[in-house]
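One letter stands for each residue in the lines below.
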Amino acid sequence: MKSFWLKELIALIYYYKIRLSLALVGLTLGLLSLFVLFSLQYSVNVHMQKTFSDFSDTHFVAQVIPGSYNAMQTLKDKLGFPNIRTLENHPIEHMQIYPFHSDHQQVLWGEDSIQTNLVFMPLEMIQTLGMSIDRGRTLHALDNSLKVVLIGQDWVKRLEQKGFNPIGESLQINGRYYEVVGTVEENEVSPILDFNLNKSIIMDYSLAPVFGYELFLNYYVQSEESMAQAQAELKRLFQYHFDAPTIFFRDSQLYIKAMFGQVQLTQKILKLVALLNLSLGLLALINMLCLLVEDRAQEIGIKICVGASKVQIILLFMRESVALCLLGGMIGIVLGAPTAYLLISRLDVACKINWIYNLSILPIALLMGILAGILPAFLAAQKNPVQLLNQ
């Protein structure tokens, strides 16, 4: 019986290949969109949980815009390093504030010219960020007059591909040569910093004036208080001491809102694509099965005459409908994994696929097959065998 049914299914595919292809493509695209949608939701949930756990304490970046030239000079004189905690009558024991600056620079190594992040930060901020040294050594307080740098893992890989040991290599930056004294271990991208440590060259904060940068505009803040309290206190102190400068805050909450905005737009597009393709695929499948009832009228009539029940006639078409939808579901799963990886990676989120959750596509495909086969199956079962034989 099973071999007979398989022969019927193969004959169906052969004689209705055009209509079948349209139905199968629509169903596959719809189920593939569902697979990507499920993967996106799971990946974002994992990513957000990790972001909350990494930045559950108060970490944020304050970008300060002075209100006047005098305010700028005051900031430059008083808010170098050490930090704002030295302000008179305003002890801030619970808050660590570190100035830093990052910029894109053209770096020459040998004959290669590479655009990279150049980051200036005090040694204490290196410790606060938890930067671990992979090879060589970290920056030292005695290095502030030396031209030495740390490099991220992207730079390490680039130098190693050329056959060089990164430690001791010289890089030309802004017309001067700087020696690589250490490499930084792989770091995850921080949502509150405007640079990626893996793609950066890190220099001591004291070397920034050589490049002509005004470094008092960016401060990395770590506090024991709540985010709202720390930001309000910092803003009050800047306004009181430095001619009411404008302050913008970058924190994990802002990052999460931006990420959710991107994700929600992508989810809406995927839902729309899935709905349209599943609807078109179901309509094409129903249309094909209805035509199949007319084309196989004599066959159905003969089966009824030799004793086939209505249930058997209904199951005949239901099996074919369910088999086609399950086939579309399996193709959607196979193609969905690489599609999900490519799409989710563009959102700067690590692609995580929960296969147990995503295999729920198969029961959805099964349900769609039942729904698509109900109408044609009942039409076939209700026909008079005599009329069917005369067609």
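## Side note on the overall build of the protein chain
Counting secondary structure elements, the protein chain contains 12 helices and 11 strands. Within the span of the protein chain, comprising 391 residues, buried residues form 46% of the whole. If you take every contact in the protein chain between residues at least 6 apart in sequence, the share linking residues at least 24 apart comes to 81%. With the model as given, the accessible surface of the protein chain reaches about 20,300 Å², and the carbon-plus-sulfur share is 59%.

## A few points about the environment of Thr58
Along the chain, the position of Thr58 falls in strand β1 (residues 58-65). Spatially, the C-alpha atom of Thr58 lies 9.4 Å from that of Gln231, the residues being 173 residues apart in sequence.

## Examining the sheet that holds β1
One open sheet holds the four strands; their spatial order is β2-β10-β1-β11, and the pairing between them is antiparallel. A single partner strand is all that each edge strand has here, and the edge strands are β2 (95-99) and β11 (246-251). When strand polarity is set aside, the average angle formed by the axes of neighbouring strands in this sheet is 25°. Here six bridges tie β1 to β11, and the two strands are oriented antiparallel to one another. The residue of β11 that forms the bridge with Phe60 is Asp251.

## Considering the nonpolar core
Counting 39 residues, the largest nonpolar core has Leu31, Leu40 and Leu285 as its most contacted members. The set of elements that each furnish at least two residues to this core consists of α2 (17-54), α7 (252-295), α9 (310-345) and α11 (361-382). A total of 12 residues in this core trace back to one element, the largest contributor, which is α2. In this structure, Leu40 is in contact with Val263, Thr266, Gln267, Leu270, Ile344 and Leu347, ignoring residues within four places of it in sequence. The next biggest cluster of nonpolar side chains, apart from the first, holds 20 residues, and it includes Ile126, Val184, Leu193 and Ile202.

## Some points on the packing of aromatic side chains
Enumeration over the complete set of coordinates arrives at four aromatic pairs. Pairing Phe60 with Phe249 gives two aromatic rings, centres 5.4 Å apart and planes at 85°, and the pair type is edge-to-face. Of this pair, Phe60 sits in strand β1 while Phe249 sits in strand β11; the two residues are 189 residues apart in sequence, bridging distant segments of the chain. For Phe60, a relative accessible area of 0% gives the class buried.

## Quick look at a nonpolar patch on the surface
A cluster of nonpolar side chains, namely Leu366, Leu367, Ile370, Leu371, Ile374 and Phe378, defines an oily patch on the protein surface of about 510 Å² accessible area. Tracing the backbone shows Phe378 in helix α11. Its relative accessible area of 42% is what places Phe378 among the partly exposed residues.

## Looking at the environment of Leu217
The residue Leu217 is located in the loop between β9 (200-204) and β10 (218-223) in this model. Classification of Leu217 as partly exposed rests on a relative accessible area of 32%. C-alpha separation for the pair Leu217 and Pro99, spaced 118 residues apart in sequence, amounts to 7.7 Å. With residues near it in sequence (within four places) discarded, Leu217 still touches Ala62, Gln63, Val64, Ile65 and Pro66.

## So, the pattern of salt bridges
Under the counting rule described, the total for this entry stands at three salt bridges. The salt bridge involving Arg135 is made with Glu160; its shortest N-O contact spans 2.5 Å. Of this pair, Arg135 sits in strand β5 (residues 133-136) while Glu160 sits in helix α5 (residues 153-161), and the two are 25 residues apart along the sequence. Classification of Arg135 as partly exposed rests on a relative accessible area of 30%. Taking the relative accessible area as the measure of exposure, Glu160 reaches 38% and is therefore partly exposed. Put simply, Arg137 and Asp143 hold a salt bridge, and the shortest N to O gap is 2.8 Å. Because the salt bridges share partners, they merge into one network encompassing Asp134, Arg135 and Glu160.

## Structural notes on α5
Because an α-helix completes one turn every 3.6 residues, residues spaced three or four positions apart along the sequence face the same direction. Of the positions making up α5, those classed as buried are Gln153, Trp155, Val156 and Leu159. Within α5, the buried residues cover an arc of 155° as seen down the axis, which keeps them to one side. Taken from the residues just after α5, Gly163 is the one with a positive phi, measuring 85°.

Reading the values: the criteria
Counting restarts for each chain, with residues numbered from 1 along the sequence as it is written. Whole-chain, interface and lining totals are the exception, using all residues; otherwise, since this is a predicted model, local features are given only for residues with pLDDT of at least 70 and side-chain atom pairs are given and counted only at 80 or more. Calculation of side-chain values draws on the structure's entire complement of heavy atoms; hydrogens and water are dropped beforehand. Strands here mean DSSP runs of E at least two residues long; helices mean DSSP runs of H or I at least four residues long; both are numbered from the N terminus. The buried label goes to any residue with under 20% of its type's maximum accessible area, the exposed label to any with over 50%, and the partly exposed label to all in between, with areas taken from a 1.4 Å probe on protein chains only. The contact definition used throughout considers only heavy atoms, calling two residues in contact when any of these lie within 4.5 Å. For the area figures, the Shrake-Rupley method with a 1.4 Å probe applies, and any residue is considered shielded solely by the protein chains shown. Strand pairing is assigned whenever DSSP identifies at least 2 bridges connecting the two strands. For helices, the axis comes from a line fit to the C-alpha atoms of the stretch in contact; other axes are also lines fit to C-alpha atoms, and the angle between any two N-to-C directions lies between 0 and 180 degrees. Definition used in this section: a nonpolar core is a set of buried Ala, Val, Leu, Ile, Met, Phe, Trp, Tyr and Cys residues joined via side-chain atoms within 4.5 Å. Any two of the Phe, Tyr and Trp rings considered here, Trp counted by its six-membered ring, make a pair once their centres fall within 6.5 Å; the pair's planes then place it as stacked at under 30 degrees, edge-to-face at over 60, or tilted in between. To count toward a patch, a residue needs a relative accessible area above 30% and no salt bridge. Like charges then connect within 9 Å, nonpolar side chains (Val, Leu, Ile, Met, Phe, Trp, Tyr) within 5 Å. Think of a salt bridge as a Lys or Arg side-chain nitrogen and an Asp or Glu carboxyl oxygen that are within 4 Å of each other. It is the directions from the helix axis to the C-beta atoms that the arc portrays.

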